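# Examining the three-dimensional arrangement
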There are 2 protein chains.
Amino acid sequence: MATSGSVPITPALKDELDIVIPTIRNLDFLEMWRPFFQPYHLIIVQDGDPTRTIKVPEGFDYELYNRNDINRILGPKASCISFKDSACRCFGYMVSKKKYIYTIDDDCFVAKDPSGKEINALEQHIKNLLCPSTPFFFNTLYDPYREGADFVRGYPFSLREGAKTAVSHGLWLNIPDYDAPTQMVKPLERNTRYVDAVMTVPKGTLFPMCGMNLAFDRELIGPAMYFGLMGDGQPIGRYDDMWAGWCMKVICDHLGLGVKTGLPYIWHSKASNPFVNLKKEYNGIFWQEEIIPFFQAATLSKDHDTVQKCYIELAKQVKEKLGKIDGYFVKLADAMVTWIEAWDELNPSSASASAATTATNGPAKK
Amino acid sequence: MATSGSVPITPALKDELDIVIPTIRNLDFLEMWRPFFQPYHLIIVQDGDPTRTIKVPEGFDYELYNRNDINRILGPKASCISFKDSACRCFGYMVSKKKYIYTIDDDCFVAKDPSGKEINALEQHIKNLLCPSTPFFFNTLYDPYREGADFVRGYPFSLREGAKTAVSHGLWLNIPDYDAPTQMVKPLERNTRYVDAVMTVPKGTLFPMCGMNLAFDRELIGPAMYFGLMGDGQPIGRYDDMWAGWCMKVICDHLGLGVKTGLPYIWHSKASNPFVNLKKEYNGIFWQEEIIPFFQAATLSKDHDTVQKCYIELAKQVKEKLGKIDGYFVKLADAMVTWIEAWDELNPSSASASAATTATNGPAKK
């Protein structure tokens, strides 16, 4: 006879979510995540030397792609996927067949909440994605859909349905996600503050999206999650997730989708080398001073009613306006178009659905 | 001989901050605040029957104004100060001669942080006001100026100086600040979540400002802190702080000033009667659906380079655009103008300085 203790609990979205991990090493870090990740399918994107063997701990269900696989699957379009940079992870978003993606770096471990309990980061991301966002008006008690919270006095009733959530951006305890100059100035700084909140980044506000601990709804926003051209042969690195974050946020704002940040925390174990980082970042440090005003001012029209159309339009504006800063942006704009072509090739139903949709204020639906 | 323990510590801004308390009862609640408030000067605005005596605990330094005082000091302009509604508190802002104001309701007590320590709410507000805000770009680790935090990777360096902070909006443990319908639906809900964060409300984003636990820089934004026409003889109540919050935020955004929300918490002891509240609120519940889009779309020009000029312009737009909803807004717009006239009369240096200033992107300076 089954007792209540023996009834298996199916983890949320078990067959609807892929975990995407970019890596160059053996995935021993998965041991710590086993209780939370093992039920899910992993997509491992192996960066660097494709002849190297990446060891994955026993018992995980995964597919692994190295550079040879990427070149074989995408052919000439593989040029849009970065090499020797974790930006290559976005290839995993493209080959996934699931509705949701969670992506995590292989130097991220399970964090503990203030009570000492291990945090199931994926479970919190799923909660974030499955309940609405509030991009149109700020709620001072943070996520109004959370247990014990609600909309405060003065919050318009017409906005309490919220918006669909496209992205859930999680944070990091221990090593904070600082740029090279800040790492250099504050080598010992650790993030020890557990802020027990999830909030919507308001419409019209850009934020620095970090790819370390990030979940999103592929059907709602996947094609905007391109991590750009970074690493080998490119004049910039460590701006892959930032680029995706800016593009994605402009498109979410246009399509009326929500973006959340806050919980869950992961434990970020190791600071990357600030000298190496400075070399990767320094162009970005200058360029972002013009890139951010560009995205703040970018506008899309009613005709841009799918993520793909929005993204192609953004690529056009990138070429026109940022191309003046450096030839790199002309190459990047072309790669953005290639990315969408490759996405639609690998995701034909998404492509046809997005071509057919006529909604002006909602996302493409599969 | 003085030991280190006997060296008196002067509380921050002791001579530069007034505490404004609107009330209809004896101020016994001050006993609990004594360790934190006693060094400061109080401005008590007595609402309702002016013949009633309000008892203030021994040892507090205060001035008290009842309705007769307000009428005597403002003459016919006293019409802009609400009666039988805590909106009357803004009279205290006007008669203060200090740079900073903290205002608190008399049903708010000292809260405890998760470690059990009593929270000095005023001290946290002062910290919030004295360090910059970040209205132009979102920082995912919340207040970047706080110890143990900083700007994250991807935050533009040109924006790291931040903006001057005009307003610090604190929160409430125990009884949350809900509207009447939410109170009715969730009579037992209590806010028990201590979120250890202070954040800037981004530029272009409106929020519901609650007057229960609020601090601001009078010199930077005082004239925008008008709490409107509420209570006796008016078709609306409980929108006084909301009104001030909307006007203030539009003006702060225009002048490049920052608004923070989050810490500190106070302990809100007693839920007001939801039936009484519904009667006060119901017009506001309808009207806010039009008021908020109005404020979201309101624009000010370069010529509106002082808080007073911005406020007079907003009054004009309120009359033109919201006057169509209800005659009340025509009256309110007139009262907004009266308020500024009264403010300038009582604060001649602020009026002349603001008339003389030529800055287009900064606040009036005394």
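Calculation notes
- Residues numbered from 1 in each chain as written.
- Chains lettered and ligands numbered in written order.
- Predicted model: local features only at pLDDT ≥ 70, side-chain atom pairs only at ≥ 80, totals over all residues.
- Heavy atoms only, no water.
- Helix = DSSP H or I, 4+ residues; strand = E, 2+ residues; numbered from the N terminus.
- Buried < 20%, exposed > 50% of the residue type's maximum accessible area, 1.4 Å probe, protein only.
- Areas by Shrake-Rupley, 256 points an atom, 1.4 Å probe, with all protein chains shown as cover.
- Lys, Arg positive; Asp, Glu negative; His and termini not counted.
- Charge placed at Lys NZ, Arg CZ, Asp CG, Glu CD.
- Contact = heavy atoms within 4.5 Å.
- Buried area = accessible area lost by both parts, 1.4 Å probe.
- Polar contact = N/O pair within 3.5 Å; in protein donor to acceptor, adjacent residues only side chain to side chain.
- Nonpolar A, V, L, I, M, F, W, Y, C, P; charged D, E, K, R; others polar.
- Axes fitted to C-alpha atoms, helices over the stretch in contact; angles between N-to-C directions.
- Parallel < 35°, antiparallel > 145°, perpendicular 65-115°, else oblique.
- Left-handed = near helix turned anticlockwise from the far one by under 90°.
- Salt bridge = Lys/Arg side-chain N within 4 Å of Asp/Glu carboxyl O.
- UniProt positions renumbered as here; feature names shortened; annotations may be inferred.
- 1 Å grid on protein atoms, 1.4 Å probe; cavity = no way out; pocket = protein on both sides within 12 Å on 5 of 7 lines; lining within 4 Å.
- Least-squares fit on C-alpha atoms with pLDDT ≥ 70 in both.
- Points joined across faces, edges and corners; volume = space filled by probe spheres on them.

### Structural notes on the overall build of chain A
A tally of helices and strands in chain A yields 11 helices and 9 strands. Its C-alpha atoms give chain A principal-axis dimensions of roughly 65 × 55 × 45 Å. A total of 366 residues make up chain A; the buried ones form 61% of that total. Summed over its atoms, the accessible surface of chain A is roughly 14200 Å², and 54% of this surface lies on carbon and sulfur atoms. Distance between charge centres in chain A, computed from 40 positive and 44 negative side chains, equals 2 Å.

### Examining the interface of chain A and chain B
On the chain B side, the residues contacting the 60 residues of chain A number 60 residues. For the pair chain A and chain B, the two sides together bury roughly 5000 Å², of which 57% comes from carbon and sulfur. It is Phe138, Arg153 and Arg193 of chain A in chain A that bury the most area against chain B; as a group they hold 17% of the surface buried on that side. At the junction of chain A with chain B, the criterion picks out 26 residue pairs in polar contact (both at pLDDT 80 or more). For the side of chain A that touches chain B, the elements supplying multiple residues, two or more each, are strand E6 (165–174), helix H5 (180–185), helix H7 (240–255), strand E9 (258–268) and helix H8 (274–297) of chain A. If one sorts the elements of the side of chain A that touches chain B by residue count, H8 of chain A sits on top with 6 residues. Tallied by class, residues from the side of chain A that touches chain B come to 31 nonpolar, 12 polar and 17 charged.

### Topic: the packing of helix H7 (residues 240–255) of chain B against helix H9 (residues 307–322) of chain B
All names here are of chain B. At a minimum axis separation of 10 Å, H7 and H9 run at an interaxial angle of 125 degrees. Between H7 and H9, the angle falls in the class oblique. The way H7 lies across H9 gives a crossing that is right-handed. Residues Trp243, Cys247, Val250, Ile251, His254 and Leu255 of H7 form the contact with H9, whose own contacting residues are Val307, Cys310, Tyr311, Leu314, Val318 and Leu322. Each residue belonging to the contact of H7 with H9 can be placed in one class, and the counts come to 11 nonpolar, 1 polar and no charged.

### Remarks on the pattern of salt bridges
Under the counting rule described, the total for this entry stands at 42 salt bridges over all chains. Note that Asp241 of chain A is salt-bridged to Arg153 of chain B, the shortest N-O span being 2.7 Å. Of this pair, Asp241 of chain A sits in helix H7 while Arg153 of chain B sits in the loop between helix H4 (121–130) and strand E6 (165–174), on two different chains. The pair formed by Asp241 of chain A and Arg153 of chain B is uniform in burial state, with each residue classed as buried. A salt bridge links Lys77 of chain B to Glu345 of chain B; its shortest N-O distance comes to 2.8 Å. With Lys77 of chain B in the loop between helix H2 (67–74) and helix H3 (90–95) and Glu345 of chain B in helix H10 (residues 328–346), this pair connects stretches of sequence that are 268 residues apart. Of the residues examined, Lys77 of chain B reaches a relative accessible area of 21% and is grouped as partly exposed.

### What about the side chain of Glu313 of chain B?
All names here are of chain B. Secondary-structure assignment places Glu313 in helix H9. One polar contact links Glu313 to Gln317, side chain to side chain, over a distance of 2.6 Å. Those residues in contact with Glu313, other than ones at most four positions away along the chain, are Leu300 and His304.

### Comments concerning the UniProt feature "site: Required for activity" (unreviewed entry) in chain A
UniProt feature "site: Required for activity" (unreviewed entry): in the numbering of this structure it lies at Arg153 and Arg160 of chain A. In the annotated group above, the largest pocket draws its lining from Arg153 of chain A. In this structure, Arg153 of chain A is in contact with Asp177, Tyr178, Asp179, Pro208, Cys210, Arg238, Asp241, Met242 and Glu281 of chain B, ignoring residues within four places of it in sequence. Within the structure, Arg153 of chain A has its side chain in polar contact with the backbone oxygen of Arg238 of chain B (distance 2.8 Å). Within the fold, Arg160 of chain A resides in the loop between helix H4 (121–130) and E6.

### Description of the UniProt feature "glycosylation site" (unreviewed entry) in chain A
UniProt annotation of "glycosylation site" (unreviewed entry) refers to Arg153 of chain A when read in the numbering used here. Arg153 of chain A gets classed as buried once you look at its relative accessible area, which sits at 5%.

### So, the relation of the copies chain A and chain B
Between the two chain copies there is a screw-like relation: a rotation about an axis and a shift along it. Once chain A has been moved 0.0 Å along the axis and rotated by 180 degrees, it coincides with chain B to within an RMSD of 0.0 Å. With respect to symmetry, the two chain copies, as superposed, fit the operation of a two-fold axis. No C-alpha of chain A approaches the rotation axis more nearly than that of Val195 of chain A, which lies at 2.8 Å.

### A short note on the layout of surface pockets
Residue and element names in this part refer to chain B. The volume enclosed by the largest pocket comes to roughly 1200 Å³. Lining the largest pocket are 44 residues, and of these Arg25, Asp105, Asp107, Arg238 and Ser272 lie nearest its centre. Contributing elements (two or more residues each) for the lining of the largest pocket: strand E1 (17–23), H7 and helix H8 (274–297). For the lining of the largest pocket, the leading source of residues is H8, giving 4 residues. In the lining of the largest pocket, the residues fall into 15 nonpolar, 10 polar and 19 charged. In this structure, the second largest pocket encloses a volume near 930 Å³.

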